[in-house]
Each structure stands twice: as C-alpha cells, then as structure tokens.
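Notes for the structure review
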Amino acid sequence: MHTQSGLHYSVRLPTYGRTLGYHSPSADALVGCTGTDVYRFNLEEGRFMTPISVAKNWGSSTADEVEGVNIVDVNPRHGLWSFGLDGGGGVVEFWDPRSRTALTRLNLPTSTLLPAQSIEADSLAPVQKLSITAIASHPTDGLSMAVGTSSGHTLLYDLRSPTPFAVKDQGYGEPIKNVDWLRGGGAQEDAGRVISADSKVIKVWSKDEVSLPRFACNIN
C-alpha cells in the first residue's frame, strides 16, 4: 500500500497474488490469487475479511481445472464484482458484494474461440485451455463489459445477455494483456470505442465496426 510520500503498509498473502481491485463503498481491496480464493483486505479496519471462493457448486469436473483468478473488475456504476478465471473453459463469475455466493457466471464460446484441433482429445498435442486475461466494465452505462481471453480475442457483452454482441480477433493468438473503453475529449463517440492490447499490438476499434480497426500500433 502506497501513499504519495511512499510505502505506507505491506500485507502478506497466503498464496501468490495475480490481480488487485478496489471496492470503495466497503473499502475492500480484492486480491485474486493462484487457486480459487479471492482475498478481501479491508483498508478501514486493517484486517482480512472472509475470502471469496470461486468455482463452487459448478457440478462438473471443469471446476478442478481452475488454476487461479487472473483479473478482478469492480463495476464503477453499481459495484458488481467480476472475476476472470484461469482455466475452467473461459468463465467470468459475477458476485454481489452483499452476497455469500456467486450471482451467476458467464461461459465464453470456447468452440468458437479455440481452433478445432485444440479442443479435441489428442494425446500427441497438449489441449489449449481458454482463460480470461482481461475485463473492463463500461465507465458510464453500467451494462457493457469487455472481456479479453488467452486466445487473443476481445468480446463485448451486455450484462443482460450471455451472447457477445461483438467479437474482435487481435490477430496474433497472443493473450490479451489489457482492454479498456476509450474515453476523453468529451467526444460522444468515444463511449463506443475499445482499446485492446496483447504482447505484439495495440488496437483501437469501434464496437459497431469490429472488422475494421480504427488504429493499430505494433509493439517491438
């Protein structure tokens, strides 16, 4: 924990941390880690709260494939928590801060995003697993969400529907490192532009014109 003057406080976690989010109404720092626990450290009380356990009550063996929580997103409009999981077939779990169990989960279309040979059982080649690597809630409308995957795709969702309304292939098959909604300058059309980045390229594109990127910048 840092302030403008420097290091303020340090916290030791039971396992390796991967991502960090902050829920301002409760002053909870949400830490996604290796494994299926999300640790909650309350900054007001200075102590750990009861951790959140993801991938529970799935009723299938895919829960055993979850290796950790890659990304934590807190919706700035209504505070919904979204956890992007590593493994498990490409799943985002949604939690209400007031609830002890997950509200629901979003299963990405694995068969569409992964090559056919990657989802077939082949003893000669490792099976590619789909993971969530980036999430960004829309800063103003409270309903739109961008999800980046390990397959190099960015999917745009309306929270009222389990089907993406736009899918963008980054083009290199590299995991999406970061995704966000472009805003600034007061332009109305900025609300519909998305910026996505992998290890090779950064793209800025419109959610209504997913086939034609507005801008692309290669990373050397």
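The coordinates are above.
Quick caveat, the model's predicted, so the values are computed rather than measured.

1. Some details on the sheet that holds strand S12 (residues 132-137)
Taken in spatial order, the four strands make up an open sheet running S12-S13-S14-S15, and their pairing is antiparallel. Two strands bound the open sheet, and with one partner strand each, they are S12 and strand S15 (166-169). Pairs of neighbouring strands in the sheet enclose a mean axial angle of 15 degrees, with direction left out of account. Pairing between strand S14 (residues 153-158) and S15: four bridges, direction antiparallel. From the neighbouring strand, His153 faces S15, where its bridge partner is Asp169.

2. Focus: the packing of aromatic side chains
What the rule picks out here adds up to four aromatic pairs. Ring geometry for Tyr39 and Phe48: centres 6.4 Å apart, planes at 75 degrees, overall edge-to-face. Their ring planes at 55 degrees and their centres at 6.5 Å tell us that Phe83 and Trp95 sit as a pair that is tilted. One end of the pair, Phe83, is in strand S9 (residues 81-86); the other, Trp95, is in strand S10 (residues 91-95), with twelve residues separating them in the sequence. Taken as a pair, Phe83 and Trp95 share a single burial class, namely buried. Members of the aromatic cluster, each reached through a chain of ring pairs, are Tyr39, Phe41 and Phe48.

3. Here's the deal with the pattern of salt bridges
As enumerated under the stated definition, the model contains five salt bridges in all. Linking Arg18 and Asp86 is a salt bridge whose minimum nitrogen-to-oxygen distance equals 2.8 Å. Of this pair, Arg18 sits in strand S3 (residues 17-23) while Asp86 is found in strand S9, placing the two residues 68 residues apart along the sequence. Given the relative accessible area of 15%, Asp86 is considered buried. With a closest N to O distance of 2.7 Å, Glu45 and Arg47 form a salt bridge. Taking the relative accessible area as the measure of exposure, Glu45 reaches 47% and is therefore partly exposed.

4. Quick word on the pairing of strand S18 (residues 201-206)
Counting buried residues along S18, five of its six residues qualify, which places the element largely inside the surrounding structure. For strand S17 (residues 193-197) and S18, the ladder comprises five bridges, and the chain directions are antiparallel. Of the residues in S18, the one forming a bridge with Ile195 is Val204. Linkage of S17 to S18, two consecutive antiparallel strands, is achieved through a turn of three residues.

5. Things to note about the environment of Pro76
Relative to the helices and strands, Pro76 is located in the loop between strand S8 (68-74) and S9. Under the relative-accessibility criterion, Pro76 is labelled exposed at 54%. Along the chain, Pro76 and His23 lie 53 residues apart, while their C-alpha atoms are 8.9 Å from each other. Among all residues touching Pro76, those that are not within four sequence positions of it are Ser137, His138 and Pro139.

6. Things to note about a nonpolar patch on the surface
Residues Met1, Tyr9, Tyr22 and Leu43 make up a contiguous nonpolar surface patch of about 400 Å² in total accessible area. Tracing the backbone through its elements, the reader meets Tyr9 in the loop between strand S2 (6-7) and S3. Classification of Tyr9 by relative accessible area gives partly exposed; the value is 45%.

What counts as what
Residues numbered from 1 in each chain as written. Predicted model: local features only at pLDDT ≥ 70, side-chain atom pairs only at ≥ 80, totals over all residues. Heavy atoms only, no water. Pairing = 2+ DSSP bridges. Helix = DSSP H or I, 4+ residues; strand = E, 2+ residues; numbered from the N terminus. Axes fitted to C-alpha atoms, helices over the stretch in contact; angles between N-to-C directions. Phe/Tyr/Trp six-rings, centres within 6.5 Å; stacked < 30°, edge-to-face > 60°. Buried < 20%, exposed > 50% of the residue type's maximum accessible area, 1.4 Å probe, protein only. Salt bridge = Lys/Arg side-chain N within 4 Å of Asp/Glu carboxyl O. Contact = heavy atoms within 4.5 Å. Patch = residues over 30% accessible without salt bridge, like charges linked within 9 Å, V, L, I, M, F, W, Y side chains within 5 Å. Areas by Shrake-Rupley, 256 points an atom, 1.4 Å probe, with all protein chains shown as cover.

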